[in-house]
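# Breakdown of the fold
Below, each chain spelled out in residue letters.
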Amino acid sequence: MEALPFVLIIFVALPWIILHYVTKWKTAATITSDDEVLLEELYNLAKRLDERMDTVERLVASDDPSFSPVKRLMHDQEVDNQQLRELDRMMAEKKGAK
């Protein structure tokens, strides 16, 4: 009779917990192929817009020698990464307040 709790734990509770989390994992939101296509399109659009900004800055700089382009955020610079983390934190707080 002392082995009954151990048998229940091994053959009932443990599989129940494992199957529960396997099911949760399988039903979790994933990126669909349509989402991947949309992300690729957005990435290409962002690259084109960045190239356009470079062109506009070059044109303005050629017309006005005192023009200095605005520094853009770069993902590979620690100073900018701190600003991006701060922005992420603020957005998370805003979502948490809703």
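Residues numbered from 1 in each chain as written. Predicted model: local features only at pLDDT ≥ 70, side-chain atom pairs only at ≥ 80, totals over all residues. Heavy atoms only, no water.

Within the chain, the secondary structure is distributed over three helices and zero strands. Secondary structure elements in the chain, listed N-terminal to C-terminal, are α-α-α. Burial statistics for the chain: of 98 residues in total, 3% are counted as buried. Carbon and sulfur atoms make up 66% of the accessible area of the chain, which amounts to about 9400 Å² in all. (Helix = DSSP H or I, 4+ residues; strand = E, 2+ residues; numbered from the N terminus. Buried < 20%, exposed > 50% of the residue type's maximum accessible area, 1.4 Å probe, protein only. Areas by Shrake-Rupley, 256 points an atom, 1.4 Å probe, with all protein chains shown as cover.)

This part takes up the side chain of Glu57. Mapping Glu57 onto the fold places it in helix α2 (residues 33–63). Taking relative accessible area as the criterion, Glu57 reaches 16% and is therefore assigned buried. Beyond its immediate sequence surroundings of up to four residues, Glu57 is in contact with Phe67, Pro69, Val70 and Arg72. (Contact = heavy atoms within 4.5 Å.)

Turning next to a nonpolar patch on the surface. Among the surface-exposed residues, Leu4, Val7, Leu8, Ile9, Ile10, Phe11 and Val12 lie close enough to one another that they form a single nonpolar patch of about 670 Å² accessible area. Inspection of the secondary structure puts Val7 in helix α1 (residues 4–27). (Patch = residues over 30% accessible without salt bridge, like charges linked within 9 Å, V, L, I, M, F, W, Y side chains within 5 Å. Salt bridge = Lys/Arg side-chain N within 4 Å of Asp/Glu carboxyl O.)

So, about the confidence of the model for the chain. Fine structural detail should not be taken from predicted coordinates in areas where pLDDT scores are low. When pLDDT is averaged along the chain, the result is 82; 90% of the residues meet or exceed 70. Mean pLDDT values over the elements of the chain span from 75, in helix α3 (residues 78–97), up to 89, in α2. (pLDDT = per-residue confidence, 0-100.)

In this structure the tally under the stated criterion is one salt bridge. The partner of Arg89 in a salt bridge is Glu86, with the nearest N and O atoms 2.3 Å apart. With a gap of three residues between them, Arg89 and Glu86 both fall in helix α3, about one helical turn apart. Of the residues examined, Arg89 reaches a relative accessible area of 38% and is grouped as partly exposed.

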